[in-house]
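Structural overview
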Number of protein chains: 2
Amino acid sequence: MTGVPPTPMEQALLEAEAAAARGEVPVGAVITNAAGDVIASDGNRMRERLDPTAHAEVLVIRETSKILGELRLTDCDLYVTLEPCPMCAAAISFARIRRLYYGASDPKSGAVDHGPRLFQTNTCHHAPEVYGGLAERRAARLLLDFFKSRR
Amino acid sequence: MTGVPPTPMEQALLEAEAAAARGEVPVGAVITNAAGDVIASDGNRMRERLDPTAHAEVLVIRETSKILGELRLTDCDLYVTLEPCPMCAAAISFARIRRLYYGASDPKSGAVDHGPRLFQTNTCHHAPEVYGGLAERRAARLLLDFFKSRR
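So, how was this worked out
Residues numbered from 1 in each chain as written. Chains lettered and ligands numbered in written order. Predicted model: local features only at pLDDT ≥ 70, side-chain atom pairs only at ≥ 80, totals over all residues. Heavy atoms only, no water. Contact = heavy atoms within 4.5 Å. Buried area = accessible area lost by both parts, 1.4 Å probe. Salt bridge = Lys/Arg side-chain N within 4 Å of Asp/Glu carboxyl O. Polar contact = N/O pair within 3.5 Å; in protein donor to acceptor, adjacent residues only side chain to side chain. Helix = DSSP H or I, 4+ residues; strand = E, 2+ residues; numbered from the N terminus. Nonpolar A, V, L, I, M, F, W, Y, C, P; charged D, E, K, R; others polar. Pairing = 2+ DSSP bridges. Axes fitted to C-alpha atoms, helices over the stretch in contact; angles between N-to-C directions. Least-squares fit on C-alpha atoms with pLDDT ≥ 70 in both.

Topic: the interface of chain B and chain A
Frequently, the measure chosen for interface size is the accessible area that the parts lose on association. Listed per partner, the contact involves 31 residues of chain B and 31 residues of chain A. Area buried by chain B at its contact with chain A is led by Leu50, Pro52 and Leu71 of chain B, which between them contribute 24% of it. We note a salt bridge from aspartate 51 of chain B to arginine 62 of chain A, for which the minimum N-O separation is 3.0 Å. For the pair chain B and chain A, the number of links is 6 residue pairs in polar contact (both at pLDDT 80 or more). Those elements that place two or more of their residues in the side of chain B that touches chain A are α2 (46-49), α3 (56-68) and α4 (86-94) of chain B. Its residues assigned to classes, the side of chain B that touches chain A comprises 16 nonpolar, 8 polar and 7 charged.

Brief notes about the sheet that holds strand β2 (residues 38-43) of chain B
All names here are of chain B. Across the sheet, 5 strands lie side by side as β2-β1-β3-β4-β5; this open sheet has mixed pairing. What marks the edges here is a single partner per strand, and that holds for β2 and β5 (129-131). Across the sheet, the mean angle from the axis of one strand to that of its neighbour is 15°, orientation sign disregarded. In this structure, strand β1 (residues 28-32) lies alongside strand β3 (residues 77-82), joined through 4 bridges in antiparallel fashion. By the bridge assignment, threonine 32 is partnered in β3 with aspartate 77. Contacts between α3 and the sheet are confined to β1, β2 and β3, with β2 contributing the most and set at about 150° to the helix.

Details of the relation of the copies chain B and chain A
One chain copy maps onto the other through a rotation about an axis and a shift parallel to that axis. With an RMSD of 0.0 Å, the operation that places chain B on chain A is a rotation of 180° combined with a shift of 0.0 Å along the axis. Interpreted geometrically, this transformation is the action of a two-fold axis. If distances are taken from each C-alpha of chain B to the rotation axis, the shortest is found for methionine 87 of chain B, at 1.9 Å. Interface residue correspondence from chain B to chain A reaches 100%, placing this contact among same-surface, isologous pairings.

Here you go:
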């Protein structure tokens, strides 16, 4: 099969779908380098790994740091299907991610444009550029379907 | 050698000292179960593991979840030598830690009694009981000495 490769956000959505198929809350994340190449791509794995910190964003940050041999991913951008929680927002700040692109808003647990709005606090030492609302409907639909199917 | 075993906070301080000896920012953490037995004990390992998320608290939460086979550590208490950052505070909330005991305050990066005060926000779905200021002077001294030695 030939065809156009998926955009990073499309790839993050595929990771979210794969997470749902594993019984995980469907969130996927991708990190690209300055050239736009995908370095790491993963979905939630809390249940699978029995690790409450195994959110998609944490997993791709950890993988990218390992691959690049760097704690600071200053040229990297992170794509995630859901607005990051405080844990992931802080990890994104520590990793010095350049740009954050997220899909669905998360008024209940998000920490970027809701709740503590971490990147806007004066104890946040690095804030990425933030672009919300990418593929928002598809990202939100995945989550809604997942929670509906479990009721 | 016989003697009184260290308290959990003393053990966390020993982990912080060991972290300093590895060239890591000296923070240590310990998790105990309902009986007060230590389940996991570790210090910062960001540099060693090339992992910006490898804070002491995240490491002991991950280890405890693995050991107990549970994502929710509802009967567990966490001792840490420094007030947790937003990443660790959120991880503590996700893991449903019962009580948090911390040493030195961290006005610059803490997220419990400073900055975003995560446990007091209405998007925080579980807040532990918090006890700050345990062994505060010894915990703070470790950090001060570490940063002084690197200037």
